[in-house]
Amino acid sequence: MMGEGMEEGWVVCLLRKCRNLKPTKQIHGHIVKTGLHADPFVFGKLLLHCAVSISDALHYSLSLFRHFPNPDTFMHNTLIRGLSLSQTPLLSLHPFIQLRRQPTLYPDSFSFAFVLKGVANSRQLRPGIQLHSQAFHHGFDTHIFVGTTLISMYAECGDSLSARRVFDEMSEPNVVAWNAAVTAAFRCGDVEGAGNVFGRMPVRNLTSWNAMLAGYAKAGELGLARRVFCDMPLRDEVSWSTMIIGFAHNGCFDEAFGFFRELLREGIGTNEVSLTGVLSACAQAGAFEFGKILHGFLEKAGFLYVGSVNNALIDTYSKCGNVAMARLVFQNMPVARSIVSWTSIIAGLAMHGYGEEAIQLFHEMEESGVRPDGITFISLLYACSHSGLVEEGYSFFSKMKNVYGIEPAIEHYGCMVDLYGRAARLHKAYEFVCEMPVSPNAIIWRTLLGACSIHGNIELAELVKARLAEMDPDNSGDHVLLSNVYAVAGKWKDVANIRRTMTEHSMKKTPGWSMIEIDKVIYRFVAGEKPNEVTKEAHEKLREIMLRLRVEAGYAPQLRSVLHDIEEEEKEDSVSKHSEKLAAAFGIAKLPKGRILRIVKNLRVCGDCHTVMKLISKIYQVEIVVRDRSRFHSFKDGCCSCRDYW
């Protein structure tokens, strides 16, 4: 027979090995049978495991807590902590209030730190101020742990003055508090203030330097980030990952790849974060060849046994235009497929227009026992939208709430508006927006305005733009969309009025650009940019291509794709210089015959470019994959995978 202490230790050891709820329940049953469920130490460890250590058991911890006769402060704190990290962090207030109402119990520093974290994660300033007052009342306002969390809470809620005041009132802030003050300044958009705090720090640790790197990268201050990186006395995996991800997210893909190559040269061990970061860069840039090389590296280094790396590979191949490779990675995963894995492949099929296949995979996911979440349904609705599956989309929207109990978020409503809008059911889309149980935001109205622009509905476009003007009057994209509707209808006076308004309010249209990867180098083309050796070569090849398309395929430019009131000859010249045409021409000039041209564009492909890509694929016998703002187009033998539905 085991002694009581040995039995307790054995149970705690078993709990540490549990990775999900099912074996945890079995251990709970054993605890009840042996009578250890009344032991506060054992019960507290079980509660902590369910609330914090495993991801799918918070509801179980709430049930456990309710059935324990006299939960102590540690148990209350465990529940506060678990809820603060959940999808509903503000609910962490409930066990805190329960704790405050107990006559024999008092909140400690952990109680305040955890509940403040919950308020910070929910970005609710009012309860945060009330908690600050209570912390002061209990004498914890000067506690370094609570004070540091207060700084973070005020920063997350956008109150930079209060965050700074809490820091200034600390008598002896440690390096953690200084780091919190730096992060708080960045969080509130005060880049200069963050630099000043960093400059005054008496002691800096690696976290201090990494906080500066992350802050500058997120703010787009890449030059300052590079300077900090060069000045660092010591770098770790986080430092390298921050630079890779930061440069990638700011569109500097070559630099991101450069940091990754340098990381390998330095002999520093790559980790999950740096690898998923560089895969993210490949995905955003459409760098298929670099992604393939990275895939080989991951296989040799044994990283394919990490679930998140597989998920990133699926996303990378999907966004690089090779959904077949994405499916192969998904099918051959050596680890269990998570909800993220299923959602990633469904999203990949969706962006390539394989709506029926995405639906089939969703059903396979259901049969495998994996429960879909809200993000899965966004991908599924997106798949229906881009394949014209209107009735199926509505069915899944209903199923989400009625079968799975998932309350639609604003993104799901946006998907439904897009679903109806793309199918030219504009009045149905408008009715849907007007009947939404939540107030439609600017993105919802903008989605409808985009549909009006595609289908040329002037009356509804004007109505929708009026709504947007109340919400976001200075958004240049909204003005451009309405201008496009007028231009297609030939209402040049209205176009001129909108352009004048944009000029008066210093609004600038987002320039169209396209990128293509050749020999693991990313080339970027912008219509109207200053000539250089690359653009000169692209223009020369494009002139040759356009002439051949006219002669051999009878091509005539679609001048309605040029949305300016200019002479026909100028329109023809303008439409022939769109960035995706230049990228395709450069690809044909540089890539060997038989290689797929993979192009990434930041805006929606226009009708003329879509026609040209189809003709090039036929005349030059080349496959062209174009990723525009919302989906993929695979051009082959004169046809497009979108079936002209985009």
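The name an unreviewed UniProt entry gives the chain is Structure-specific endonuclease subunit SLX1, with Vigna unguiculata as the organism. A UniProt comment under Sequence similarities (unreviewed entry) is attached to the chain, and it reads "Belongs to the PPR family. PCMP-H subfamily."

Undergrad: Explain the overall build of the chain residue by residue, including any values.
TA: Helices and strands together make up the secondary structure of the chain, namely 34 helices and 6 strands. Here the chain holds 646 residues, and the buried ones make up 50% of them. Summing over all exposed atoms, the chain offers an accessible surface of approximately 31,000 Å²; the carbon and sulfur share of this is 53%. Side chains of the chain carry 70 positive and 69 negative charges; the gap between the two charge centres is 2 Å.

Undergrad: Give a detailed account of a nonpolar patch on the surface, specifying residues and quantitative values.
TA: A surface patch of nonpolar side chains, about 240 Å² in accessible area, is lined by Phe 110, Ile 144 and Phe 145. Looking at the element boundaries, Phe 145 is found in helix 9 (residues 144-156).

Undergrad: Tell me about the packing of helix 3 (residues 40-53) against helix 4 (residues 58-67), residues and numbers included.
TA: Relative placement of two packed helices is described by the angle separating their axes and the distance separating the axes. Interhelical geometry of helix 3 versus helix 4 gives an angle of 150° and a closest axis separation of 7 Å. Classified by the angle between their axes, helix 3 and helix 4 sit roughly antiparallel to one another. Taking contact as the criterion, the partners of Phe 43, Leu 46, Leu 47, Cys 50 and Ala 51 in helix 3 are, on helix 4, Leu 58, Tyr 60, Ser 61, Leu 64 and Phe 65. Of the residues assigned to the contact of helix 3 with helix 4, the class counts are 9 nonpolar, 1 polar and no charged.

Undergrad: Can you break down the UniProt feature "repeat: PPR" (unreviewed entry) in the chain residue by residue, with the values?
TA: Per the UniProt entry, the sites bearing "repeat: PPR" (unreviewed entry) are residues 205-235, 236-270 and 338-372 in this numbering. End C-alpha atoms of residues 205-235 are separated by 11 Å, and the span's content is 74% helix alongside 0% strand. Within the segment residues 338-372, helix and strand shares are 74% and 0% respectively, and the terminal C-alpha atoms sit 10 Å apart.

Undergrad: Hey, could you go over the environment of His 610 for me, with residue numbers and the actual values?
TA: As for its placement among the helices and strands, His 610 is situated in helix 34 (residues 607-619). A residue is classified by how much of its surface remains accessible, and His 610, at 2% relative accessible area, is buried. Between the C-alpha atoms of His 610 and Cys 639, which are 29 residues apart in sequence, the distance is 9.8 Å. Reaching out from His 610, the side chain makes a polar contact with the side chain of His 633 at a distance of 3.4 Å.

Undergrad: Any details on the packing of aromatic side chains? Residues and values, ideally.
TA: Under the defined criterion, the tally for this structure stands at 25 aromatic pairs. Linked through ring pairs, Phe 229, Trp 240, Phe 247 and Phe 259 together constitute an aromatic cluster. Over the ring of Phe 198 we find Arg 204; its NZ or CZ atom is 4.0 Å from the centre of that ring. Across the ring face of Phe 288, the terminal group of Arg 598 is positioned such that the distance to the ring centre comes to 4.0 Å.

Undergrad: For unusual backbone geometry, give the residues involved together with the corresponding values.
TA: In most cases, non-glycine residues show a negative phi, while peptide bonds are predominantly trans. One non-glycine residue, Ala 424, adopts positive backbone phi at about 65°. Looking at the element boundaries, Ala 424 is found in the loop between helix 25 (410-422) and helix 26 (426-434). A positive phi angle is found at Asp 644, which is not glycine, with a value near 60°. Positionally, Asp 644 belongs in the segment after strand 6 (639-640). Look at Asp 644 and you get partly exposed, because its relative accessible area is 47%.

Undergrad: Let's hear about the sheet that holds strand 5 (residues 632-636): which residues, and what values?
TA: Strand-to-strand pairing in sheets goes through backbone hydrogen bonds, with the strands running parallel or antiparallel. Strand order across the open sheet formed by 6 strands is 2-1-3-4-5-6, with mixed pairing between neighbours. Because the sheet does not close on itself, it has two edges, and the strands there are strand 2 (521-526) and strand 6. Judged from the 4 bridges that link them, strand 4 (residues 624-627) and strand 5 form a sheet pairing that is antiparallel. The residue bridging Arg 627 from the neighbouring strand is Phe 632, located in strand 5.

Undergrad: Describe the side chain of Thr 24, with residues and values.
TA: Among the secondary structure elements, Thr 24 is positioned in helix 2 (residues 21-33). Setting aside residues no more than four positions away along its own chain, Thr 24 makes contact with Leu 15, Cys 18, Leu 46, His 49, Cys 50 and Ile 54.

Undergrad: I'd love a proper account of the nonpolar core, names of residues and values included.
TA: The biggest cluster of nonpolar side chains holds 143 residues, and the ones touching the most others in it are Val 182, Phe 257 and Leu 448. Broken down by element, this core gets its largest block of residues, 8 residues, from helix 11 (residues 175-187). Look past the residues within four positions of Leu 448 in its chain and what remains in contact with it is Val 417, Leu 426, Ala 429, Tyr 430, Val 433, Leu 460 and Val 464. Listed in part, the 34 residues of the second largest apolar core include Phe 586, Val 605, Ile 616 and Cys 642.

Undergrad: Give me the confidence of the model for the chain: which residues, what numbers.
TA: With 96% of its residues at a pLDDT of 70 or more, the chain shows a mean pLDDT of 87. Here residues 561-573 is modelled with pLDDT under 50, and outside its nearest four sequence neighbours on either side it reaches 26 contacts, counting other chains as well.

Undergrad: Help me get a handle on the environment of Val 52, residues and values and all.
TA: Here Val 52 shows up in helix 3. With relative accessibility at 25%, the residue Val 52 sits in the partly exposed group. Sequence spacing of Val 52 and Val 42 is 10 residues, and the spatial spacing of their C-alpha atoms is 15 Å. With residues near it in sequence (within four places) discarded, Val 52 still touches Thr 78, Arg 81 and Gly 82.

Undergrad: Give me the lowdown on the pattern of salt bridges, citing residues and values where you can.
TA: Tallied over the full model, the rule gives 17 salt bridges. Of the charged contacts in the structure, one is a salt bridge between Lys 401 and Glu 407, with a shortest N-O distance of 3.3 Å. With relative accessibility at 41%, the residue Lys 401 sits in the partly exposed group. For Glu 407, a relative accessible area of 53% gives the class exposed. In this structure, the salt-bridge partner of Glu 580 is Lys 601, at a minimum N-O distance of 3.0 Å. Of the two residues, Glu 580 sits in helix 33 (residues 579-590) while Lys 601 sits in strand 3 (residues 597-601), which places them 21 residues apart along the sequence. In this pair, the class of Glu 580 matches that of Lys 601, namely buried.

Undergrad: So what about helix 18 (residues 288-301)? Which residues, and what values?
TA: The end-to-end C-alpha separation of helix 18 is 20 Å, in line with the 20 Å expected for 14 residues at 1.5 Å each. Here helix 18 has its buried residues at Phe 288, Phe 290, Gly 291, Leu 294, His 295 and Leu 298. Along helix 18, the residues classed as buried sweep out an arc of 145° about the axis, all on the same side. Pointing more than 90 degrees away from the buried face of helix 18 are the exposed residues Glu 299 and Lys 300. On its buried face, helix 18 is in contact with helix 16 (253-265), helix 17 (272-285), helix 19 (307-319), helix 20 (323-331), strand 1 (513-518) and strand 3.

Undergrad: Describe the pairing of strand 1, naming the residues involved and giving the relevant values.
TA: Taken across its 6 residues, strand 1 has 6 buried, putting it largely inside the fold. What you see with strand 1 is no split at all: Trp 513, Met 515 and Glu 517 on one side and Ser 514, Ile 516 and Ile 518 on the other are buried throughout. Pairing analysis gives 6 bridges linking strand 1 to strand 2, with the strands arranged antiparallel. Within the sheet, the bridge partner assigned to Ile 518 lies in strand 2 and is Val 521. Both strand 1 and strand 3 contribute to a ladder of 3 bridges, which runs antiparallel. Pairing of Ser 514 across the sheet is with Lys 601, part of strand 3.

Here is what the cut-offs are and how they apply
- Residues numbered from 1 in each chain as written.
- Predicted model: local features only at pLDDT ≥ 70, side-chain atom pairs only at ≥ 80, totals over all residues.
- Heavy atoms only, no water.
- UniProt positions renumbered as here; feature names shortened; annotations may be inferred.
- Helix = DSSP H or I, 4+ residues; strand = E, 2+ residues; numbered from the N terminus.
- Buried < 20%, exposed > 50% of the residue type's maximum accessible area, 1.4 Å probe, protein only.
- Areas by Shrake-Rupley, 256 points an atom, 1.4 Å probe, with all protein chains shown as cover.
- Lys, Arg positive; Asp, Glu negative; His and termini not counted.
- Charge placed at Lys NZ, Arg CZ, Asp CG, Glu CD.
- Patch = residues over 30% accessible without salt bridge, like charges linked within 9 Å, V, L, I, M, F, W, Y side chains within 5 Å.
- Salt bridge = Lys/Arg side-chain N within 4 Å of Asp/Glu carboxyl O.
- Axes fitted to C-alpha atoms, helices over the stretch in contact; angles between N-to-C directions.
- Parallel < 35°, antiparallel > 145°, perpendicular 65-115°, else oblique.
- Contact = heavy atoms within 4.5 Å.
- Nonpolar A, V, L, I, M, F, W, Y, C, P; charged D, E, K, R; others polar.
- Polar contact = N/O pair within 3.5 Å; in protein donor to acceptor, adjacent residues only side chain to side chain.
- Phe/Tyr/Trp six-rings, centres within 6.5 Å; stacked < 30°, edge-to-face > 60°.
- Lys NZ or Arg CZ within 6 Å of the ring centre and 35° of its normal.
- Pairing = 2+ DSSP bridges.
- Core = buried A, V, L, I, M, F, W, Y, C linked by side-chain atoms within 4.5 Å.
- pLDDT = per-residue confidence, 0-100.
- Expected span 1.5 Å × (residues − 1).
- Arc of directions from axis to C-beta.

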